[in-house]
Amino acid sequence: MTARMEREAAAALAPDAHLTALTAARGLPYIASRAEAQLAGASVLESLAEHQAGYDAAVIGAFGDPGLIAARELFDLPVVGMAEAAMLTACQLGQRFGIVTFSTTLLPWYEDAVTLAGLSGRCTCVRAVSTAFGSVLEVQHELEAEIVALANRAVSEDGIDAVILAGAPLTGLAARVADAVPVPLIDPLAAALGQAQTLVRLGARPARSGRFARPPAKPATGLAPALRRWIERGDGDDA
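Here's a quick rundown of the structure. Here the structure is a predicted model, which is why all the values come from computation and not from measurement. (Residues numbered from 1 in each chain as written. Predicted model: local features only at pLDDT ≥ 70, side-chain atom pairs only at ≥ 80, totals over all residues. Heavy atoms only, no water.)

Things to note about the overall build of the protein chain
For the protein chain, the helix and strand inventory stands at 10 helices and six strands. Scaling as 2.2 N^0.38, a compact globule of 239 residues should have a C-alpha radius of gyration of about 18 Å, and the protein chain matches this with 18 Å. Its C-alpha atoms give the protein chain principal-axis dimensions of about 55 × 35 × 35 Å. Counting across all 239 residues of the protein chain, residues that qualify as buried make up 44%. (Helix = DSSP H or I, 4+ residues; strand = E, 2+ residues; numbered from the N terminus. Rg over C-alpha atoms; globule rule 2.2 N^0.38 Å. Buried < 20%, exposed > 50% of the residue type's maximum accessible area, 1.4 Å probe, protein only.)

A short note on the pattern of salt bridges
For the structure on display, the rule yields 11 salt bridges. One salt bridge in this structure joins D16 and R201, with 2.7 Å as the shortest N-O distance. Pair noted here: D16 is in the loop between α1 (2–9) and α2 (34–51) and R201 is in helix α9 (residues 188–202), with a separation of 185 residues, a long-range link. Salt-bridge contacts for R228 lead to E232; the nearest nitrogen and oxygen are separated by 3.1 Å. Placement of the pair is R228 and E232 together in helix α10 (residues 225–233), with a separation of four residues, close to one helical turn. Linked through salt bridges whose partners overlap, the residues forming this network are R127, R153, E157 and D158. (Salt bridge = Lys/Arg side-chain N within 4 Å of Asp/Glu carboxyl O.)

A few points about the sheet that holds strand β6 (residues 185–186)
One open sheet accounts for four strands, arranged β4-β3-β5-β6; its pairing is parallel. At either margin of the open sheet sits one strand with a lone partner, and together these are β4 (123–128) and β6. Sheet strands touched by helix α5 (residues 107–116): β3 (97–101) and β4. Its angle to β4, the strand with the most contacts, is close to 160 degrees. (Pairing = 2+ DSSP bridges. Contact = heavy atoms within 4.5 Å. Axes fitted to C-alpha atoms, helices over the stretch in contact; angles between N-to-C directions.)

Description of the pairing of strand β5 (residues 162–165)
Burial along β5 is two-sided: the face carrying A162 and I164 and the face carrying V163 and L165 are both buried. By the bridge criterion, four bridges tie β3 to β5 in an arrangement that is parallel. Along β5, the bridge assignment pairs F97 with A162. With two bridges joining them, β5 and β6 adopt parallel strand pairing. Counterpart to I164 in the pairing with β6 is I186.

Notes on unusual backbone geometry
What you tend to see is this: most non-glycine residues have negative phi, and most peptide bonds are trans. One non-glycine residue, D65, lies in positive phi territory at about 60 degrees. With respect to the helices, strands and loops of the structure, D65 is situated in the loop between β1 (58–60) and α3 (68–74). A relative accessible area of 8% places D65 in the buried class.

Re helix α4 (residues 82–91)
Burial of α4 is extensive: nine of the 10 residues sit out of reach of the surface. Every buried residue of α4 is listed here: M82, A83, E84, A85, A86, M87, T89, A90 and C91.

Description of the side chain of S103
Structurally, the position occupied by S103 is in the loop between β3 and α5. Not counting residues up to four positions away in its chain, the partners in contact with S103 are A128, V129 and F133.

Here we look at the packing of aromatic side chains
A full pass over the atoms with the stated rule returns four aromatic pairs. A ring pair is formed by F75 and W230, whose centres lie 5.8 Å apart and whose planes are at 25 degrees; its orientation type is stacked. Placement of F75 in the loop between α3 and β2 (79–81) and of W230 in helix α10 is noted, with a sequence separation of 155 residues between them. W230 shares its class with F75; the two are buried. Measuring from ring centre to ring centre gives 5.5 Å for F102 and F133, while their planes differ by 75 degrees; the resulting arrangement is edge-to-face. Residue F102 is found in the loop between β3 and α5, and its partner F133 is found in the loop between β4 and α6 (139–142); the two are separated by 31 residues along the sequence. Overall, F133 belongs to the partly exposed group, its relative accessible area being 24%. (Phe/Tyr/Trp six-rings, centres within 6.5 Å; stacked < 30°, edge-to-face > 60°.)

Looking at the nonpolar core
F97, I99, I147, V163, I164 and L165 are the most contacted members of the largest nonpolar core, which totals 61 residues. Counting residues per element, this core draws most heavily on α4, which supplies seven residues. Residue contacts for I147: discarding those within four places in its chain leaves V100, F102, V129, L165, L170 and L173. Core analysis: the second largest hydrophobic core is formed by 15 residues, L45, A49, L68 and L74 among them. (Core = buried A, V, L, I, M, F, W, Y, C linked by side-chain atoms within 4.5 Å.)

Dropping the structure here:
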């Protein structure tokens, strides 16, 4: 999955932008529920603590944005989530958008992601194909016809102006089937990479006061070493 996303990312990168793709060292093959997202969020924080030095921005490569808010609170570089980026992009393309994905198991988590982004008023539907699939690595090919049909139904029945094809396993599908749906199809990874690069070029940095003030130093037990050290440094103490 990581290798495929890295290949697809090339089309969204500016000539002077460079991407390092990382896979969580522990966890599940892919995330499909809120419980799994909670576990993945911890891995996101561990990876950022270990690898943040020398990078200008980070993108969380899962549609439900596990660990996004916590990462923005802890770290000193822009952190972009695929779900939030895709939804913000959709808002720039029309008044109402919909989300289409490949499994009904994902729906509660993705609905929560819409609420977290504060975009429930702009998201008209969150729909999933009900057909079973054999492999998450091949699901975009196995269910391509069903996903396209569901996207078209969302357009005609819900009156949406853009469709987000949600889920990391669908990365690259939007470009391949763009002509089969009469409204813009949004690839969340491409949206997230585009926004991350824009933030870097704008010189934007995370808030360091108010609701996103970094927590004070606190001793930690049993955490990954890099994350433990980062937390124990506390607010602004990067020595």
